[in-house]
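So the chains spell out like this:
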Amino acid sequence: MPKFAANLSMLYPEFDFLDRFEAAAKDGFKAVEYLFPYAFESRDIAARLQANGLQQVLFNAPPGDWDGGERGLACLPGREAEFRSSLAKALDYAGALDCPRLHVMAGLLPAGSEREALFPTYVGNLRWAALEAAKQGIEVLIEPINTRDIPRFFLNRQDHAHEVVATVGAANLKVQMDLYHCQVVEGDLAMKLRRYLATGHVGHVQIAGVPERHEPDRGELNYPYLFSVLDELGYAGWVGCEYRPRAGTQAGGTSAGLDWIKPHL
């Protein structure tokens, strides 16, 4: 059975963010991920990790103006200096939290732009990011995201992501394979796992039920089978539980929805 990490941006919404670490540890999680740590001092997050025996396995680099609708900077011409500054901040946090990988969000296609025209900017930024991250032994991840959840997102398909990895040619640039997004856009998950895990270019896996993005024990995907495929393929990385609990902010709701995973924690 794979190793599971709690995504604290989505799980345990009944708690303040810093209190979610303890809640995850009490439920048996040994690792956590989340979107962004930057609203908090890295030392405060590090203290929660240490106090609860948790490993930080992933978070995102700053995405630009998130509240204003931005979803990454990597593909945007003219924003290179801001991209580099944001990555430097992410690497500082990664060092303080002993986090081995960072997700760099691609960004949204500007109105009237074609993906092909932005490709050189995207590749150039990722090549620079991979070089900088390699100095700290950190992997850079890119994630295809479906355009139902994030309209106009630059990167949507697994084959496109692996093409980017091949073009950049950096050993520490990997694909973050979110099975929820992959199912919405493409499907055929078992075969895609078999195809892309064999390349060595998948650095992280995430899961959620489809289509509602709740617990993975309901919906159109057979996760026990997909977990067996991961085991068969020898996947040794983490599987991030990036879903919205059906119970929402109801007290104890996240924990009550963990029956599917409790035997494996």
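The structure this text deals with has already been given above.
All values reported here derive from a predicted model rather than from experimental measurement.

Assignment of secondary structure puts Ala-5 in strand β1 (residues 3-7). Assessed through its relative accessible area of 0%, Ala-5 is described here as buried. Along the sequence, Ala-5 and Pro-245 sit 240 residues apart, while their C-alpha atoms lie 15 Å from each other. Sequence-distant contacts of Ala-5, defined by excluding residues within four places in its chain, comprise Phe-29, Ala-31, Val-32, Val-57, Trp-238, Val-239, Gly-240 and Cys-241.

Among the residues of helix α5 (residues 158-168), Gln-158, Ala-161, His-162, Val-164, Val-165 and Val-168 are the ones counted as buried. What you see down the axis of α5 is that its buried residues fit within an arc of 150 degrees, all on one side. Where α5 is buried, its residues meet α4 (115-134), β5 (139-142), β6 (173-178), α6 (179-185), α7 (189-197) and β7 (202-207). Of the residues trailing α5, Gly-169 is marked for its positive phi of about 75 degrees.

Moving on, we come to the layout of surface pockets. The computed volume of the largest pocket comes to approximately 280 Å³. Met-10, Leu-35, Ile-150, Arg-213 and Glu-242 are the residues nearest the centre of the largest pocket, which is lined by 21 residues in total. Of the residues belonging to the lining of the largest pocket, the class tally is eight nonpolar, seven polar and six charged. The calculated volume of the second largest pocket comes to roughly 180 Å³. In this structure, the second largest pocket is lined by Ser-9, Leu-35, Phe-36, Tyr-38, Pro-62, Pro-63, Gly-64, Trp-66 and Lys-89. Across the lining of the second largest pocket, the residue classes break down as six nonpolar, two polar and one charged.

Below, the discussion takes up the pattern of salt bridges. This model, assessed by the stated rule, comprises 19 salt bridges. Between Asp-259 and Lys-262 there is a salt bridge, with its nearest N and O atoms 3.7 Å apart. Because the salt bridges share partners, they merge into one network encompassing Arg-148, Asp-149, Asp-178, Arg-213 and Glu-242.

Ordered in space as β1-β2-β3-β4-β5-β6-β7-β8, the eight strands form a closed barrel in which the pairing is parallel. Taking each pair of neighbouring strands and ignoring which way they run, the sheet shows an average axis angle of 30 degrees. Alignment of β6 against β7, held across four bridges, turns out to be parallel. Following the sheet pairing, Met-177 is matched in β7 by Val-205. Sitting on the sheet, helix α3 (residues 80-97) touches β3 (55-60) and β4 (101-103), and the angle it makes with β3 is about 170 degrees.

Further remarks concern the pairing of β5. Alternating positions in β5 separate into two faces, Glu-139 and Leu-141 on one and Val-140 and Ile-142 on the other, with burial throughout. As for the winding sense of the linkage, the β-α-β connection from β4 through α4 to β5 is right-handed. Across three bridges, the pairing between β5 and β6 is parallel. Paired with Leu-141 across the two strands is Lys-174, which belongs to β6. In this fold, β5 hands off to α5, which returns the chain to β6; that crossover is right-handed.

About the criteria used
Residues numbered from 1 in each chain as written. Predicted model: local features only at pLDDT ≥ 70, side-chain atom pairs only at ≥ 80, totals over all residues. Heavy atoms only, no water. Helix = DSSP H or I, 4+ residues; strand = E, 2+ residues; numbered from the N terminus. Buried < 20%, exposed > 50% of the residue type's maximum accessible area, 1.4 Å probe, protein only. Contact = heavy atoms within 4.5 Å. Arc of directions from axis to C-beta. 1 Å grid on protein atoms, 1.4 Å probe; cavity = no way out; pocket = protein on both sides within 12 Å on 5 of 7 lines; lining within 4 Å. Points joined across faces, edges and corners; volume = space filled by probe spheres on them. Nonpolar A, V, L, I, M, F, W, Y, C, P; charged D, E, K, R; others polar. Salt bridge = Lys/Arg side-chain N within 4 Å of Asp/Glu carboxyl O. Pairing = 2+ DSSP bridges. Axes fitted to C-alpha atoms, helices over the stretch in contact; angles between N-to-C directions. Right-handed = clockwise from strand over helix to strand, strands pointing away.

Spatial relationships are all this shows, so hold off on functional conclusions.
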